[in-house]
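# Secondary and tertiary structure notes
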Amino acid sequence: MKTFMNKISFTLKIIMCILFFIGNANSDTGDNIIKKLTQRYFDNQINCGDDGLPVFLCSGILIRGTVASDAYHSWNPSPGAQRLGGVSFSYLRSDIKSIELASEHHNGYIFSPYIEHLENLDNTEKINIEILCYYPVDGNTQGRLDKGCGSSTGYPNLGSCQQQNITTTQQWIDKYGAYPDNNEICGFDVTGDGSASIFMQGLKVNSILNFSSNNELIIAVWEQNIPNTLPIEAFFYQNEGLQDAQHDQKDFYQSTGTVIPIVKIIFPSSSDEKITFTYNEEDQLKFN
């Protein structure tokens, strides 16, 4: 795994040196955040430079729904995630037909992709999150082995898709169909060689079957209480979630002294429409 991550780091540093975010890369204004989110959402490239660099490293939206509480920080892995060894996210991109989040979460946060914080643009050392596997629909991962990427309770003979010789979109569809059992499906392992192609096979399942429910992407659990080193790009809300998003924005500011912007996500009413991202200055708390 270290060799794989070193390859990613070396290759992406070269890419960043060439591109260096043409324009105002260091701007963290609300309008700039929306431009970046929208650009990544509609960026349907197939890899980030070669077949060892999956697109979640440079495009799309890594998003986690949370519940605001005074008992814990929303950005810390939950007790369940700590026991599991993996944290559940969803992945949004315009070639995926998702129109809702897991458990209908109304707020949470968005991680910037690896390529955006690789060059340490905000002068803070960010952790390099490790993305482990991808389920085209919710994988009910709390009941699975291998950090959420393996066999589910009651289905002991399952493992990753590759372990079952499922490596293409059509093989996954042939195995599970258009109405799969969440406990039975496999997740695509995206940690090894050829991970960019494997991840794209998973995304194409969504494109063909038009699942309206959330997909699931598992990230290896990180340490507790390290907000300054997490690549949190924005807090988000949908529907009636603004107050909870503001709770987390305030909590993060009190923990770090840094203001993370709040953005609103509007999910479409049908799979034929696209997600939109907006920023409103009135949604932001004021810190003096």
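Residues numbered from 1 in each chain as written. Predicted model: local features only at pLDDT ≥ 70, side-chain atom pairs only at ≥ 80, totals over all residues. Heavy atoms only, no water.

### Overview of the sheet that holds strand 9 (residues 276–278)
Sheet architecture is open: nine strands sit in the order 5-4-6-2-1-3-7-8-9, paired in mixed fashion. If you trace the sheet from one side to the other, it starts and ends with strand 5 (188–189) and strand 9, each paired once. Sheet analysis places strand 7 (residues 232–237) next to strand 8 (residues 262–266), joined by three bridges and oriented parallel. Its bridge partner being in strand 8, phenylalanine 236 is matched across the sheet by valine 263. (Pairing = 2+ DSSP bridges. Helix = DSSP H or I, 4+ residues; strand = E, 2+ residues; numbered from the N terminus.)

### A few points about the nonpolar core
In this structure, Tyr91, Phe111 and Trp172 are the most contacted members of the largest nonpolar core, which totals 55 residues. Per-element tally for this core: the top contributor is helix 6 (residues 195–209), with six residues. Leaving out residues up to four positions away in the same chain, tryptophan 172 has contacts with Pro136, Cys161, Ile166, Gly177, Pro180, Ile185, Cys186, Phe188, Val205, Leu209 and Phe211. (Core = buried A, V, L, I, M, F, W, Y, C linked by side-chain atoms within 4.5 Å. Buried < 20%, exposed > 50% of the residue type's maximum accessible area, 1.4 Å probe, protein only. Contact = heavy atoms within 4.5 Å.)

### Thoughts on the environment of valine 67
When you line up the elements, valine 67 lands in the loop between strand 1 (61–65) and helix 3 (79–84). Judged by its relative accessible area of 48%, valine 67 falls in the partly exposed class. Between the alpha carbons of valine 67 and asparagine 107 there is a distance of 7.2 Å; along the sequence they are 40 residues apart. Beyond its immediate sequence surroundings of up to four residues, valine 67 is in contact with Tyr72 and His105.

### Quick notes on helix 7 (residues 242–256)
For helix 7, with 15 residues, the first-to-last C-alpha span of 21 Å sits near the 21 Å given by 1.5 Å per residue. Of the positions making up helix 7, those classed as buried are Ala245, Gln246, Asp248, Gln249, Asp251, Phe252 and Thr256. Its buried side turned inward, helix 7 meets strand 3 (107–111), strand 7 and strand 8. At the C-terminal side of helix 7, glycine 257 shows a positive phi close to 80 degrees. (Expected span 1.5 Å × (residues − 1).)

### Comments concerning the confidence of the model for the chain
Per-residue confidence for the chain gives a mean pLDDT of 87; residues scoring 70 or more make up 87%. Considering only residues more than four positions removed or in separate chains, one finds that residues 12–27, a stretch of pLDDT under 50, has 24 contacts. (pLDDT = per-residue confidence, 0-100.)

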